[in-house]
Amino acid sequence: MTETGPFAGAAHTQETALHEKRTPPRHTLPRPRGPLRPLLGGLLRTARPKQWVKNILVVAAPAAAGQLFTRHALTQLALVFVLFTACAAAVYLINDARDADADRAHPTKRHRPVASGQVPVPVAYAVGAVLGLLAPAAAVWLVSPAVSALLAAYLGMQLVYCVSLKHVLVVDLVIVTTGFLMRAMIGGLALGIPLSRWFLITTGFGALFMVSAKRYSEAVQMAGKAGATRALLTEYTPGYLRFVWQLAAGVAVLGYCLWALEEGGVPHTSVLPWRQLSMVAFILAILRYAVFADRGTAGEPEDVVLRDRALALIGLVWLAMYGLAVANW
């Protein structure tokens, strides 16, 4: 029998209030992990995981010396890879924190975690500073003082580049190229492997070839779109950048061929002259990459290689021949 009358509503209200006291409301307790997850995701995105593939270059010197497949070498190189990745992440975090205001006005960069507000600027600075201090310090104990010094030099060079040198003609190309060269050198330093002149020449000018080809492609694509990409490109001419990547490609090929034709100290026990044969694959790889540079579509080196099956196949053939030459098989 339903209760009616002037007190029916009051009784129902009291009963509802008692029920709410006994049953705590759902979804009112704070969930501390909620805001933390987007922040960690934003920090990871700012660290540019896609760019970590470049740090595989730390195996270049040990591979060139034929000292890659030992337990000690693999352990040390894994540590060096992690430490160099931490340094690169520190640079990205500090760079994005510093450029947050400018990135917000950019049609694409405004979606970056720091520019969009997903990662607060002070947090980006703090995490970048911690990574930048810990990586060289850890390298002293885990690897060697020489590796720590190179990591510190890389950090200092990149931070100065972020602040001012990225606006200086030619110097910006040299610094980006040097960053690649440092990646290739650090594995040799970690294992105490002497770095040959041919290795340094070929690696340095090969890196300059890819860096200048990327800049040339950006300059071609931004024609008539001033301000759409890095401002310094407006001061370069496509003709100058074309000259740089052509010069760098020529010197890289020359350095590699001089290594391949050098016979000093190499025993003649190989089944085939892999050193000389690898020149063919190396030159074909440079020529194939130059196709994309000439078209103005040579973006990130890893994207170019993975996008073109022919170039990837040539690279694998060269890698096999180079490995056989180093192993003297």
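Everything below is about the structure printed above this text.
Sequence order as written defines the numbering, with residues in each chain counted from 1. For this predicted model, a pLDDT threshold of at least 70 governs which residues receive local features, and a threshold of 80 or more governs which side-chain atom pairs are given and counted, while totals over whole chains, interfaces and linings are taken from all residues. Values reported for side chains reflect all heavy atoms of the structure, with hydrogen atoms and water molecules removed beforehand.

1. A few points about the packing of helix α11 (residues 238-261) against helix α12 (residues 274-295)
Next, step 1: Interaxial angle, 0 to 180 degrees, is taken between N-to-C directions of lines fitted to C-alpha atoms, where a helix line uses only the stretch in contact. Strands here mean DSSP runs of E at least two residues long; helices mean DSSP runs of H or I at least four residues long; both are numbered from the N terminus. Close contact between α11 and α12 brings their axes to 9 Å; oriented N to C, the two are set at 170°. As far as their axial angle goes, α12 and α11 are roughly antiparallel. Side by side, α11 and α12 meet where Arg 242, Trp 245, Ala 249, Ala 252, Val 253, Tyr 256, Cys 257, Trp 259, Ala 260 and Leu 261 of the first sit next to Arg 275, Gln 276, Ser 278, Met 279, Phe 282, Ile 283, Ile 286, Ala 290, Ala 293 and Asp 294 of the second. Oblique is the label for any angle not covered by the other classes, which are roughly parallel (under 35 degrees), roughly antiparallel (over 145) and roughly perpendicular (65 to 115). What makes two residues a contact is simply this: any of their non-hydrogen atoms within 4.5 Å.

2. Remarks on the side chain of Asp 172
Next, step 1: Within the secondary structure layout, Asp 172 lies in helix α9 (residues 171-191).
Next, step 2: Taking relative accessible area as the criterion, Asp 172 reaches 1% and is therefore assigned buried.
Next, step 3: Under this definition, polar contacts are N or O atom pairs within 3.5 Å; protein pairs additionally need one hydrogen-donor-capable and one acceptor-capable atom, and for neighbouring residues in sequence, both atoms have to be side-chain atoms. Separated by 2.5 Å, the side chains of Asp 172 and Tyr 236 make a polar contact. Buried, partly exposed and exposed residues are distinguished by accessible area as a fraction of the type maximum, computed with a 1.4 Å probe on protein chains only: under 20%, between the cut-offs, and over 50%, respectively.

3. What about the environment of Ala 293?
Next, step 1: Relative to the helices and strands, Ala 293 is located in helix α12.
Next, step 2: Using a relative accessible area of 0% as the deciding quantity, one classes Ala 293 as buried.
Next, step 3: Along the backbone, Ala 293 and Gln 246 are 47 residues apart, and their C-alpha atoms lie at a distance of 9.6 Å.
Next, step 4: In this structure, Ala 293 is in contact with Ala 213, Tyr 216, Ser 217, Trp 245 and Ala 298, ignoring residues within four places of it in sequence.

4. Thoughts on the pattern of salt bridges
Next, step 1: Salt bridges are counted wherever a side-chain nitrogen of Lys or Arg sits within 4 Å of a carboxyl oxygen of Asp or Glu. In the structure shown here, the tally under the stated rule is 13 salt bridges.
Next, step 2: For the salt bridge of Asp 99 with Lys 166, the shortest nitrogen-to-oxygen distance reads 2.8 Å. One end of the pair, Asp 99, is in the loop between α4 (71-98) and α5 (100-104); the other, Lys 166, is in the loop between α8 (145-163) and α9, with 67 residues separating them in the sequence. For the pair Asp 99 and Lys 166, one class covers both residues: buried.
Next, step 3: Notably, a salt bridge pairs Asp 172 with Arg 215, separated by 3.5 Å at the nearest N-O pair. With Asp 172 in helix α9 and Arg 215 in helix α10 (residues 197-221), this residue pair connects regions lying 43 residues apart in the sequence.
Next, step 4: The network of salt bridges with shared partners includes Arg 48, Asp 96, Asp 103 and Arg 112.

5. Here we look at unusual backbone geometry
Next, step 1: Even without a glycine there, the phi angle at Arg 48 is positive, about 55°.
Next, step 2: Mapped onto the elements, Arg 48 comes out in the loop between α2 (33-46) and α3 (60-64).
Next, step 3: The buried category is assigned to Arg 48, whose relative accessible area is 17%.
Next, step 4: Located in the positive-phi region is Val 170, a residue other than glycine, with phi close to 70°.
Next, step 5: By secondary structure assignment, the location of Val 170 is in the loop between α8 and α9.
Next, step 6: Using a relative accessible area of 37% as the deciding quantity, one classes Val 170 as partly exposed.

Nothing here speaks to function; it is all geometry.
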